[in-house]
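Inside the fold
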Amino acid sequence: MIKPVVPEFAVVGHPNEGKSSVLSTLAEDDSVRISPIPGETTECRSFPVIIDGREIIRFVDTPGFQNPRNTLRWMQNYEGPDEDMVKEFVRAHEKDPAFRDDCELLTPLLDGAGIIFVIDGSRPVRNVDRAEMEILRLTGRPRMAIINSKEDDSSYRKQWQNEFRKHFNSIRIFNSNRATYAQRISLLESLKSIDQNLQTVLEMVISAFKQDWTARNQQTADAIVSMLTGILSYRRTAPYPEGTDESALREKLHKKYVRFVAKEEQKTYRQIRSVFKHNIFNYDLPDHSILQEDLFSEKTWQFLGLSKTQLVMAGALSGAAIGAGFDVAAHGISFGFFSTLGGVIGAAGTTLKGKEFLSGVRLLGIKLDHQKLQFGPANNIQFLYILLDRALIFYSHIINWAHGRRDYPDSTSMTETPGTKQGYSTGLDRTARKTCRAFFKAIQGDDQETIEQAADTLKKMLTKSLGSISRGKT
């Protein structure tokens with residue numbers, strides 16, 4: 001059996017110019033050591049990309065050039081066969097400490113690795129850069145140059161592009177700190193052009209990446225739907241003997257529910273992080289992200305979920321209780337725990353509440369008899385959309401958090417505009433909202449077969465939505 005060819009690329013560049021962060025982002029590996037201290041990388045380290053248990057591509061972190069001018073001089077004076085030049089250089093210098101890093105850097109090329117050369121485009125080209133580029137050209141290996149745009153400063157971009165055209169088969173501008181999935185795929189597409197012999201195998205790599213991404217979106221949809229099912233179907237029954245303090249009992253159940261919801265959300269977010277291979281560095285949400293707000297705060301409900309018009313339609317079409325009454329507690333929305341449960345309210349009930357509806361909500365039904373108190377399930381369809389929005393916002397943060405990034409954002413991509421809903425759910429089309437309503441109605445009915453069917457339909461809808469978000473569409 002012929003062993004499949006695994007394309008390999010040596011990532012070359014100066015310390016603190018983005019070499020390691022480019023590698024980390026391309027390999028989706030946050031274990032890559034990223035340090036501004038020169039000389040930290042002294043040995044090559046391989047970072048394989050494994051999908052379904054199979055290595056499909058490999059990136060190699062390399063030390064920087066140690067003695068580029070003398071290395072270039074030796075190569076220019078070399079008189080042997082071109083295909084043996086790198087091997088002869090390593091053989092002649094491998095025991096010389098002055099060329100240790102140069103030999104280490106060139107060694108992957110002996111095994112057929114292509115070259116990705118990374119520079120910081122915010123500085124001018126230097127003579128030492130020209131020496132390094134010429135060394136890489138003389139190796140004869142397929143090579144791409146990446147201008148790592150760490151900052152907005154592009155003053156020297158044209159200068160770098162002019163120099164790169166003399167030495168490289170392909171040139172890309174790539175921000176390793178903010179690269180999206182689509183941009184990583186685009187870079188891999190460009191790698192196909194640096195050598196015709198690489199085209200077929202890289203097409204297989206790109207196809208594997210795309211299939212894997214779809215599978216990850218399906219896993220994410222599964223996790224989100226599982227969370228929604230658990231939270232929205234939550235039911236608890238507590239004994240209610242004569243003389244029990246009803247308010248105290250409801251408050252106790254309320255606190256248990258808040259803890260349960262928080263635990264389920266955090267579990268789901270950890271699953272999403274794991275699916276997208278953020279395993280080592282803790283992802284901190286932006287300080288001003290709506291996800292930093294309490295799920296049950298008034299601000300969250302004003303910012304996320306369906307618009308008032310959409311809620312009216314949801315009530316009219318689904319018959320779900322979406323605003324029978326509300327209590328606003330000192331610390332935000334209190335679920336209407338201290339009000340009696342009204343009947344099923346549709347469009348008329350929503351319209352009557354007007355603006356007041358948006359400031360509070362009855363979330364859970366409470367049934368009371370002489371022996372027990374039943375708490376749940378959720379009777380407000382808006383809660384589904386709030387939970388869904390929060391999960392999709394977290395997903396968006398995670399997939400756009402490049403693995404090579406080590407700083408944290410100081411703002412959120414979603415800027416607050418008073419009076420408008422700014423979650424993803426407001427952009428769902430009629431068919432998607434119909435799917436959500438059917439799922440919510442199934443949860444309330446408590447028929448397991450119906451719930452499973454509605455959940456499968458919701459997963460398919462969510463997988464499609466996640467794909468749109470990852471492609472930059474909403």
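Just above sits the structure.
This report concerns the structure included in the present document. What you see is a predicted model, and the numbers here were worked out from it, not measured in a lab. (Residues numbered from 1 in each chain as written. Predicted model: local features only at pLDDT ≥ 70, side-chain atom pairs only at ≥ 80, totals over all residues. Heavy atoms only, no water.)

**Here we look at the nonpolar core**
Inclusion rule: Residues grouped as a nonpolar core are buried Ala, Val, Leu, Ile, Met, Phe, Trp, Tyr and Cys residues, joined through side-chain atoms within 4.5 Å. Burial status follows relative accessibility: with a 1.4 Å probe on protein chains alone, a residue under 20% of its type maximum counts as buried, one over 50% as exposed, and anything between as partly exposed. Put simply, DSSP H or I for four residues or longer makes a helix, DSSP E for two residues or longer makes a strand, and each gets a number counted from the N terminus. Note on contacts: a residue pair is in contact if any heavy atoms of the two residues lie within 4.5 Å.
Core analysis: the biggest nonpolar cluster contains 93 residues, and I57, F59, L232, F383 and F439 have the highest contact counts within it. At 15 residues, helix 8 (residues 196-232) tops the list of elements feeding residues into this core. Leave out the neighbours within four places in its chain, and F59 touches F9, V11, L23, L26, A27, R45, S46, F47, V49, I116 and L188. The next biggest cluster of nonpolar side chains, apart from the first, holds 29 residues, and it includes M85, L105, L106 and I115.

**Comments concerning a positive patch on the surface**
Worth spelling out the cut-off: Put simply, a patch holds well-exposed residues, over 30% relative accessible area, that have no salt bridge, with like charges counted together within 9 Å and Val, Leu, Ile, Met, Phe, Trp or Tyr side chains within 5 Å. Computed with the Shrake-Rupley method and a 1.4 Å probe, the accessible areas treat only the protein chains shown as cover for residues. Note on definitions: salt bridges are taken to be side-chain nitrogens of Lys or Arg within 4 Å of carboxyl oxygens of Asp or Glu. Only four residue types enter the tally: Lys and Arg on the positive side, Asp and Glu on the negative side, with His and both chain ends excluded. The location of each charge is read from NZ of Lys, CZ of Arg, CG of Asp or CD of Glu.
A cluster of basic side chains, namely R236, K252, K255, K256 and R259, defines a positive patch on the protein surface. It is helix 9 (residues 246-275) that provides the largest number of residues to the positive patch, a total of four residues.

**Quick look at the side chain of S297**
As a reminder, the rule being used: Pairs of N or O atoms within 3.5 Å make up the polar contacts considered here, provided that, within protein, one atom can donate a hydrogen while the other can accept it, and that residues adjacent in sequence are counted only when both atoms are side-chain atoms.
Looking at where S297 falls in the secondary structure, it is placed in the loop between helix 9 and helix 10 (298-303). Polar contacts involving the side chain of S297 include one to the main-chain carbonyl oxygen of D294, which spans 3.0 Å.

**Considering the packing of helix 2 (residues 68-77) against helix 3 (residues 85-93)**
Rule in force here: The angle between two axes is taken between their N-to-C directions and runs from 0 to 180 degrees, where each axis is a line fitted to C-alpha atoms and a helix contributes only its stretch in contact. Comment on the angle field: the value is read as roughly parallel under 35 degrees, roughly antiparallel over 145, roughly perpendicular from 65 to 115, and oblique elsewhere. Helix crossings are classified by the rotation of the near helix relative to the far one: an anticlockwise turn of less than a right angle makes the crossing left-handed, while a clockwise turn makes it right-handed. Each residue gets one of three labels, nonpolar for Ala, Val, Leu, Ile, Met, Phe, Trp, Tyr, Cys and Pro, charged for Asp, Glu, Lys and Arg, and polar for the others, Gly among them.
Running from N to C, helix 2 and helix 3 point in directions that differ by 125 degrees, and their axes come no closer than 11 Å. Classified by the angle their axes make, helix 2 and helix 3 are oblique. Here helix 2 runs over helix 3; the crossing is right-handed. Of the residues in helix 3, those touching helix 2 at T71, W74 and M75 are M85, E88, F89 and H93. Along the lines of polarity and charge, the residues of the contact of helix 2 with helix 3 split into four nonpolar, two polar and one charged.

**Quick word on a negative patch on the surface**
A surface patch of like charges, here negative, comprises D447, E449, E452 and D456. By the element assignment, D456 lies in helix 15 (residues 448-470). Accessibility expressed as a relative area gives 42% for D456, which makes it partly exposed.

**What about the packing of helix 2 against helix 5 (residues 127-138)?**
Where helix 2 meets helix 5, the closest approach of the two axes is 9 Å, and the angle between their N-to-C directions is 40 degrees. With respect to helix 5, the axis of helix 2 lies oblique. Handedness of the crossing formed by helix 2 with helix 5: left-handed. Residues P68, R69, T71, L72 and M75 of helix 2 pack against N127, V128, A131, E132, E134, I135 and L138 of helix 5. Partitioned by chemical class, the residues of the contact of helix 2 with helix 5 number seven nonpolar, two polar and three charged.

**Brief notes about helix 1 (residues 19-27)**
Counted residue by residue, helix 1 has nine buried out of nine residues, so it is predominantly covered. Among the residues making up helix 1, those that are buried are K19, S20, S21, V22, L23, S24, T25, L26 and A27. Note on helix 1: the residue one or two positions beyond its end, E28, has a positive phi of about 50 degrees.

**A short note on the sheet that holds strand 2 (residues 45-51)**
Adjacent strands of a sheet form backbone hydrogen bonds with each other and so pair up, either parallel or antiparallel. As a reminder of what qualifies: One bridge is not enough; two strands pair if DSSP finds at least two bridges between them.
With respect to topology, six strands assemble into an open sheet ordered 2-3-1-4-5-6, the strand pairing being mixed. The open sheet has two edge strands with one neighbour each: strand 2 and strand 6 (170-174). Mean inter-strand twist for the sheet, computed between neighbouring axes without regard to direction, equals 25 degrees. The pairing of strand 4 (residues 114-120) with strand 5 (residues 143-148) spans six bridges and is classified as parallel. Looking at the pairing, I119 lines up with I147 of strand 5. Against the sheet, helix 4 (residues 100-110) contacts strand 1 (8-13), strand 3 (54-61) and strand 4, and its axis sits at roughly 155 degrees relative to strand 1. Contacting strand 1, strand 2 and strand 3, helix 8 crosses the sheet at an angle of about 105 degrees to strand 3.

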